[in-house]
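Listed below, chain by chain, are the residues.
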Amino acid sequence: MSAQTIASLLLFLAGLFAGLAAAYGLWRNRTARKILSADAPSADEGRAALPQIANILPVPALVVDAKGLILYANAAASAAFGNLLPGSLLYLKFRAPEMRLAIETALAKHENTAFEMAERVPVEHWFRVDVCHLPTDTPDEKNLALFFRDQSESHKLDRMRSDFVANASHELRTPLASMTGFIETLKGPARDDAAARDRFLDIMQQQAGRMARLIDDLLSLSRLEMRPVVALDQNVDLQSITDHVLDAMRPLCVELGVAIERNFGAGPFVVPGVRDELIQVIENLVENACKYGQHGKKVVVSLSRNGGEIRMSFRDFGPGIAADHIPRLTERFYRVDAGSSRAQKGTGLGLAIVKHILTRHHARLSIQSELGAGSEFAVNFLAPDAAQHSSQ
């Protein structure tokens, strides 16, 4: 066979294969189009799937018409607001003037809008509600979708922040006003009165100390809140740091006439934590017990083990605390008796700091008190072996 014949044969085979490939590609494309058109959902099927899609939304969602009649409520809306029957009037369920105003505005201006509302029954909840237009089959039909986003936590934080600023400002303003008054007196009527000058300077020094303590506590609380999580990579011996604190606070106990009794059981009392922060906890609790249980003349500091927990308690024999005050003792600036607290040089932040530190250490604070019989503040830590076992 000649070379020319072989070349002609190869050209024929190449053309044949190219034609077969083109035919196969055309067949495959037509088949794919048929499959896609067969599997594609119709408009009716798409509408039927919408309730299933809406029900998996994590936020409450409603569909209403222009008259405010409920057309649809997803599962999250029913869970949040109770049974919302189709055909019922939206404004009978939500008696919020801002809702009606927002819906009327959205319909009149043909644009989406949003508003905030509060639901106060059974508990207070704040919502941001987005009102969005939905496409409809006819121009005259106007339906709206309402999406509710819970803003309760942010409202609570805003309220706490504003209360905190107001309380801090008040606590600082009082000693500042006192110091300003004494300075004006010393510059005027008491300019040449040596006895008055010495007395006023002592008071001014006390007020300056009060402001310094308040600022120190504010900074401590701010640092704790800015770093809510810390690595508990130190092993802290509670008995050692408790002995250290009690020895350091002996002059205060002598000044107040309070005897400290140590009741330490069989150790070891080692917990994972931050040494300086746990020292601050013990200092605050010992100081509170001595100052507010002063007339009981004795404070008992105890350490014990109970199963997988280490318990540290501070027991005083003072006047005690009424039961309705106990749940609020760890709130910032909360005082059972504001006059007594200021007289004892308290800032109203000590127990709030204690609570924050113990939360970081996965420990819990419990308070027991009875009027006329004193109070006990107890801290329960997980022992290292129990903590390791629970994390596995």
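For the structure, check the block above.
Scanning the chain for helices and strands turns up 13 helices and twelve strands. By residue count, 34% of the 392 residues in the chain fall in the buried class. For the chain, the exposed area adds up to about 23,600 Å²; of that, 57% sits on carbon and sulfur atoms.

On to the packing of helix 10 (residues 275-292) against helix 12 (residues 350-360). Following both chains from N to C, one finds helix 10 and helix 12 inclined at 145 degrees, their axes separated by 9 Å at the closest point. Like other packed secondary-structure pairs, helix 10 and helix 12 cross with a definite hand, here left-handed. Contact residues: E277, Q280, V281, N284, L285 and N288 in helix 10; G350, L351, I353, V354, I357, L358 and R360 in helix 12. Partitioned by chemical class, the residues of the contact of helix 10 with helix 12 number seven nonpolar, four polar and two charged.

This part takes up the packing of helix 7 (residues 194-226) against helix 12. Between helix 7 and helix 12, the least distance of the axes is 10 Å, while the angle of their chain directions is 25 degrees. Judged by the angle between their axes, helix 7 and helix 12 are roughly parallel. When you trace helix 7 past helix 12, the crossing you get is left-handed. Between helix 7 and helix 12, the residues in contact are D217, S220, L221, L224 and E225 and A352, I353, H356, I357 and R360, respectively. Here the contact of helix 7 with helix 12 is built from residues that sort into five nonpolar, two polar and three charged.

Take the sheet that holds strand 3 (residues 113-119) next. Strand order across the open sheet formed by five strands is 2-1-5-4-3, with antiparallel pairing between neighbours. In this open sheet, the two strands that pair with only one neighbour each are strand 2 (70-73) and strand 3. Taken over all neighbouring pairs, the strand axes of this sheet differ in orientation by 25 degrees on average, direction set aside. The sheet contact formed by strand 4 (residues 125-134) and strand 5 (residues 143-150) spans eight bridges and is antiparallel. If you follow C132 over to strand 5, its bridge partner there is A145. Docked against the sheet, helix 6 (residues 152-187) engages strand 3, strand 4 and strand 5, running at close to 135 degrees with respect to strand 4.

This paragraph deals with the pattern of salt bridges. Throughout the structure, instances matching the rule amount to eleven salt bridges. The closest approach of N and O atoms between E331 and R328, which form a salt bridge, is 3.0 Å. Note on E331: relative accessible area 35%, which makes it partly exposed.

We now examine the sheet that holds strand 10 (residues 309-316). The sheet built from five strands is open, its strands ordered 7-9-10-12-11 with mixed pairing. The open sheet has two edge strands, strand 7 (259-264) and strand 11 (364-370), and neither has a second partner. Neighbour to neighbour, the strand axes of the sheet diverge by 15 degrees on average, direction disregarded. As judged from the eight bridges shared by strand 9 (residues 298-306) and strand 10, these two strands associate in the antiparallel manner.

Despite not being glycine, H110 shows a phi value in the positive range, around 55 degrees. Judged by relative accessible area, which is 53%, H110 ranks as exposed. Not every positive phi belongs to a glycine, and H362 is a case in point at roughly 55 degrees. Here H362 lies in the loop between helix 12 and strand 11. With a relative accessible area of 62%, H362 lands in the exposed category.

Quick look at helix 6 now. Over its 36 residues, helix 6 runs 52 Å from end to end, which matches the ideal 52 Å to within 8%, given 1.5 Å per residue. Within helix 6 the residues assigned to the buried category are S152, A168, E171, P175, M179, F182 and L186.

Attention shifts here to the nonpolar core. A general feature of soluble globular proteins is that nonpolar side chains tend to end up buried together. Within the largest apolar cluster, 47 residues are counted, with the highest numbers of intra-cluster contacts made by L238, L285, L329 and F381. Of all elements in the fold, only helix 7, helix 8 (238-248), helix 9 (250-256), helix 10, strand 9, strand 10, helix 12 and strand 12 (374-382) reach the threshold of two or more residues within this core. Among the elements that take part in this core, helix 10 stands out by supplying eight residues, more than any other. Residue contacts for L238: discarding those within four places in its chain leaves F269, V271, L278, L303, I310 and F381. Ranked by size, the runner-up nonpolar core spans 24 residues in total, among them L62, A73, L84 and F115.

Procedures and definitions
Residues numbered from 1 in each chain as written. Predicted model: local features only at pLDDT ≥ 70, side-chain atom pairs only at ≥ 80, totals over all residues. Heavy atoms only, no water. Helix = DSSP H or I, 4+ residues; strand = E, 2+ residues; numbered from the N terminus. Buried < 20%, exposed > 50% of the residue type's maximum accessible area, 1.4 Å probe, protein only. Areas by Shrake-Rupley, 256 points an atom, 1.4 Å probe, with all protein chains shown as cover. Axes fitted to C-alpha atoms, helices over the stretch in contact; angles between N-to-C directions. Left-handed = near helix turned anticlockwise from the far one by under 90°. Contact = heavy atoms within 4.5 Å. Nonpolar A, V, L, I, M, F, W, Y, C, P; charged D, E, K, R; others polar. Parallel < 35°, antiparallel > 145°, perpendicular 65-115°, else oblique. Pairing = 2+ DSSP bridges. Salt bridge = Lys/Arg side-chain N within 4 Å of Asp/Glu carboxyl O. Expected span 1.5 Å × (residues − 1). Core = buried A, V, L, I, M, F, W, Y, C linked by side-chain atoms within 4.5 Å.

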